[in-house]
Amino acid sequence: MKKIGLFFGSFNPIHIGHLILANYILENTDMDELWFVVSPQNPFKEKKSLLKDHNRLDMVQLAVKNYPKMRASNIEFSLPIPSYTIDTLSYLKEKHPDYNFALIMGEDNLKSLSKWKNAETMIENYQIIVYPRLTSGLPENASVHPNISLIKAPIIELSATEIRKMLKDGKNVRPMLPPEVFEYLDGSNFYR
(Lines give C-alpha, C1' and ligand atoms only; values in the text may rest on other atoms or scores of the structure.)
Protein backbone atom coordinates (compact mmCIF):
# COMPACT_ATOMS: atom_id res chain seq x y z
CA MET A 1 0.00 0.00 0.00
CA LYS A 2 1.41 3.36 -1.08
CA LYS A 3 2.04 5.85 1.76
CA ILE A 4 1.38 9.50 0.96
CA GLY A 5 2.38 12.38 3.21
CA LEU A 6 0.08 15.40 2.94
CA PHE A 7 1.63 18.82 3.53
CA PHE A 8 -1.17 21.41 3.68
CA GLY A 9 -0.52 25.12 3.23
CA SER A 10 -1.26 28.30 1.33
CA PHE A 11 2.27 28.18 -0.20
CA ASN A 12 2.13 31.91 -0.78
CA PRO A 13 4.79 31.46 -2.18
CA ILE A 14 6.33 27.98 -1.82
CA HIS A 15 9.99 28.41 -0.78
CA ILE A 16 13.09 26.28 -0.32
CA GLY A 17 12.23 25.68 3.35
CA HIS A 18 9.14 23.73 2.22
CA LEU A 19 11.23 21.65 -0.22
CA ILE A 20 13.99 20.93 2.32
CA LEU A 21 11.40 19.73 4.82
CA ALA A 22 9.51 17.65 2.23
CA ASN A 23 12.76 16.03 1.06
CA TYR A 24 13.81 15.28 4.65
CA ILE A 25 10.47 13.56 5.31
CA LEU A 26 10.71 11.49 2.11
CA GLU A 27 14.27 10.42 2.95
CA ASN A 28 13.70 9.70 6.65
CA THR A 29 10.22 8.18 6.94
CA ASP A 30 8.39 5.41 5.10
CA MET A 31 6.45 7.86 2.89
CA ASP A 32 6.48 6.94 -0.82
CA GLU A 33 5.29 10.36 -1.97
CA LEU A 34 4.61 13.79 -0.53
CA TRP A 35 1.73 15.91 -1.81
CA PHE A 36 1.68 19.68 -1.28
CA VAL A 37 -2.03 20.37 -0.74
CA VAL A 38 -2.62 23.98 -1.76
CA SER A 39 -5.35 25.49 0.44
CA PRO A 40 -7.91 27.60 -1.40
CA GLN A 41 -8.63 31.14 -0.38
CA ASN A 42 -11.41 31.24 2.17
CA PRO A 43 -14.12 33.41 0.58
CA PHE A 44 -15.13 34.67 4.03
CA LYS A 45 -11.68 36.08 4.69
CA GLU A 46 -10.20 38.81 2.62
CA LYS A 47 -6.48 38.36 2.23
CA LYS A 48 -5.05 40.88 -0.17
CA SER A 49 -1.61 39.30 0.04
CA LEU A 50 -2.90 35.84 -0.94
CA LEU A 51 -2.34 35.12 -4.62
CA LYS A 52 -5.11 33.45 -6.60
CA ASP A 53 -5.42 29.69 -6.07
CA HIS A 54 -4.17 28.78 -9.55
CA ASN A 55 -1.08 31.03 -9.25
CA ARG A 56 -0.06 29.37 -5.99
CA LEU A 57 -0.72 25.92 -7.51
CA ASP A 58 1.38 26.86 -10.59
CA MET A 59 4.29 27.81 -8.31
CA VAL A 60 4.07 24.52 -6.38
CA GLN A 61 3.96 22.57 -9.66
CA LEU A 62 7.04 24.44 -10.89
CA ALA A 63 8.84 23.89 -7.57
CA VAL A 64 8.28 20.10 -7.50
CA LYS A 65 8.63 19.25 -11.19
CA ASN A 66 12.18 17.91 -10.73
CA TYR A 67 11.26 15.87 -7.62
CA PRO A 68 9.57 12.63 -8.77
CA LYS A 69 8.24 11.82 -5.27
CA MET A 70 6.65 15.25 -4.72
CA ARG A 71 3.46 16.49 -6.25
CA ALA A 72 1.14 19.52 -6.16
CA SER A 73 -2.47 18.85 -5.20
CA ASN A 74 -5.48 21.08 -5.84
CA ILE A 75 -7.85 18.61 -4.17
CA GLU A 76 -9.27 21.26 -1.81
CA PHE A 77 -10.21 23.59 -4.68
CA SER A 78 -13.27 21.45 -5.40
CA LEU A 79 -14.30 20.80 -1.78
CA PRO A 80 -16.68 22.97 0.26
CA ILE A 81 -15.16 26.04 1.91
CA PRO A 82 -13.91 26.44 4.55
CA SER A 83 -11.98 23.20 4.10
CA TYR A 84 -11.52 21.07 7.17
CA THR A 85 -8.54 18.71 7.14
CA ILE A 86 -10.66 15.74 8.26
CA ASP A 87 -13.05 16.25 5.30
CA THR A 88 -10.15 16.40 2.84
CA LEU A 89 -8.63 13.25 4.37
CA SER A 90 -11.97 11.40 4.13
CA TYR A 91 -12.43 12.50 0.53
CA LEU A 92 -8.90 11.40 -0.44
CA LYS A 93 -9.35 8.04 1.31
CA GLU A 94 -12.57 7.49 -0.65
CA LYS A 95 -10.93 8.51 -3.93
CA HIS A 96 -7.76 6.45 -3.32
CA PRO A 97 -8.75 3.49 -1.11
CA ASP A 98 -5.43 1.77 -1.88
CA TYR A 99 -3.34 4.64 -0.43
CA ASN A 100 -2.41 5.31 3.17
CA PHE A 101 -2.43 9.02 3.98
CA ALA A 102 -0.41 10.73 6.69
CA LEU A 103 -0.67 14.31 7.84
CA ILE A 104 2.44 16.51 8.07
CA MET A 105 2.33 19.46 10.46
CA GLY A 106 4.53 21.77 12.47
CA GLU A 107 4.74 21.67 16.27
CA ASP A 108 2.73 24.91 16.33
CA ASN A 109 -0.26 23.11 14.73
CA LEU A 110 0.07 20.12 17.05
CA LYS A 111 -0.53 22.50 19.96
CA SER A 112 -3.97 23.46 18.62
CA LEU A 113 -4.86 20.07 17.11
CA SER A 114 -7.38 19.27 19.86
CA LYS A 115 -9.49 22.25 18.65
CA TRP A 116 -9.65 20.94 15.04
CA LYS A 117 -12.86 19.46 13.65
CA ASN A 118 -13.03 15.73 14.56
CA ALA A 119 -9.48 15.80 15.95
CA GLU A 120 -9.83 12.45 17.77
CA THR A 121 -11.00 10.69 14.59
CA MET A 122 -8.03 12.15 12.75
CA ILE A 123 -5.52 11.04 15.38
CA GLU A 124 -7.07 7.54 15.59
CA ASN A 125 -7.11 6.95 11.82
CA TYR A 126 -4.11 8.77 10.37
CA GLN A 127 -0.41 8.92 11.07
CA ILE A 128 0.66 12.45 12.00
CA ILE A 129 4.25 13.48 11.31
CA VAL A 130 5.31 16.52 13.31
CA TYR A 131 8.31 18.66 12.41
CA PRO A 132 10.01 21.08 14.82
CA ARG A 133 9.59 24.86 14.76
CA LEU A 134 11.83 27.36 16.53
CA THR A 135 8.89 29.40 17.64
CA SER A 136 7.00 26.73 19.51
CA GLY A 137 8.08 23.83 21.66
CA LEU A 138 5.76 20.89 22.19
CA PRO A 139 2.78 20.47 24.46
CA GLU A 140 3.40 18.17 27.45
CA ASN A 141 1.44 15.22 26.04
CA ALA A 142 2.73 15.62 22.47
CA SER A 143 3.83 12.11 21.68
CA VAL A 144 1.37 10.16 23.81
CA HIS A 145 -0.49 8.73 20.81
CA PRO A 146 1.21 6.02 18.73
CA ASN A 147 0.01 7.70 15.50
CA ILE A 148 1.89 10.90 16.30
CA SER A 149 5.57 10.81 15.41
CA LEU A 150 7.99 13.63 16.04
CA ILE A 151 10.81 13.93 13.52
CA LYS A 152 14.12 15.74 13.91
CA ALA A 153 13.93 17.63 10.61
CA PRO A 154 16.18 20.66 10.18
CA ILE A 155 14.49 23.85 11.39
CA ILE A 156 14.25 26.22 8.45
CA GLU A 157 12.80 29.47 9.69
CA LEU A 158 11.97 30.95 6.31
CA SER A 159 8.66 32.70 6.19
CA ALA A 160 6.48 33.35 3.16
CA THR A 161 5.32 36.55 4.89
CA GLU A 162 8.92 37.79 5.09
CA ILE A 163 9.54 36.80 1.45
CA ARG A 164 6.43 38.75 0.34
CA LYS A 165 7.58 41.79 2.32
CA MET A 166 11.06 41.62 0.75
CA LEU A 167 9.54 41.35 -2.75
CA LYS A 168 7.33 44.36 -2.01
CA ASP A 169 10.41 46.29 -0.88
CA GLY A 170 12.28 45.33 -4.07
CA LYS A 171 14.80 43.14 -2.22
CA ASN A 172 16.49 40.04 -3.67
CA VAL A 173 14.74 36.80 -2.63
CA ARG A 174 16.39 34.54 -5.24
CA PRO A 175 18.25 32.30 -2.69
CA MET A 176 15.01 31.64 -0.76
CA LEU A 177 12.95 30.33 -3.66
CA PRO A 178 13.22 27.37 -6.01
CA PRO A 179 14.71 28.83 -9.25
CA GLU A 180 11.51 28.16 -11.26
CA VAL A 181 9.41 29.98 -8.66
CA PHE A 182 11.83 32.91 -8.64
CA GLU A 183 11.53 33.16 -12.46
CA TYR A 184 7.73 32.94 -12.23
CA LEU A 185 7.57 35.79 -9.72
CA ASP A 186 10.34 37.83 -11.30
CA GLY A 187 8.34 38.38 -14.48
CA SER A 188 5.19 39.44 -12.58
CA ASN A 189 3.81 42.12 -10.31
CA PHE A 190 2.87 39.54 -7.68
CA TYR A 191 3.36 40.73 -4.08
CA ARG A 192 4.70 44.11 -5.24
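Parameters at a glance
- Residues numbered from 1 in each chain as written.
- Predicted model: local features only at pLDDT ≥ 70, side-chain atom pairs only at ≥ 80, totals over all residues.
- Heavy atoms only, no water.
- 1 Å grid on protein atoms, 1.4 Å probe; cavity = no way out; pocket = protein on both sides within 12 Å on 5 of 7 lines; lining within 4 Å.
- Points joined across faces, edges and corners; volume = space filled by probe spheres on them.
- Helix = DSSP H or I, 4+ residues; strand = E, 2+ residues; numbered from the N terminus.
- Buried < 20%, exposed > 50% of the residue type's maximum accessible area, 1.4 Å probe, protein only.
- Contact = heavy atoms within 4.5 Å.
- Arc of directions from axis to C-beta.
- Core = buried A, V, L, I, M, F, W, Y, C linked by side-chain atoms within 4.5 Å.

(A) Representation of the layout of surface pockets within the structure. A volume near 1,300 Å³ is recorded for the largest pocket. Considering the residues around the largest pocket, the lining is formed by 42 residues, among which Phe8, Gly9, Ser10, Ser39 and Asn109 are closest to the centre. Of all the secondary-structure elements, those providing two or more residues to the lining of the largest pocket are strand S1 (2-9), helix H1 (16-28), strand S4 (99-106) and helix H6 (160-168). If one sorts the elements of the lining of the largest pocket by residue count, S4 sits on top with four residues.

(B) Representation of the environment of tryptophan 116 within the structure. Within the fold, tryptophan 116 resides in the loop between helix H4 (107-112) and helix H5 (119-125). Overall, the relative accessible area of 24% leaves tryptophan 116 in the partly exposed class. Spatially, the C-alpha atoms of tryptophan 116 and proline 97 are 24 Å apart, while their sequence positions differ by 19 residues. With residues up to four places along the chain from it excluded, the contact list for tryptophan 116 reads Thr85, Leu103, Met105, Asn109 and Met122.

(C) Inspection of helix H7 (residues 179-186) at higher detail. All of the buried residues in H7 are Val181, Phe182 and Leu185. The arc that holds the buried residues of H7, viewed along the axis, is 100 degrees, so those residues lie on one side.

(D) Examining the nonpolar core more closely. Ranked by size, the top nonpolar core spans 36 residues in total, and within it Phe7, Ile14, Ile25, Leu34, Phe36, Val60 and Val173 carry the most contacts. With residues up to four places along the chain from it excluded, the contact list for isoleucine 25 reads Met31, Leu34, Ile104, Ile129 and Ile151. Within the second largest apolar cluster, 21 residues are counted, among which are Leu6, Ile75, Ile128 and Val130.

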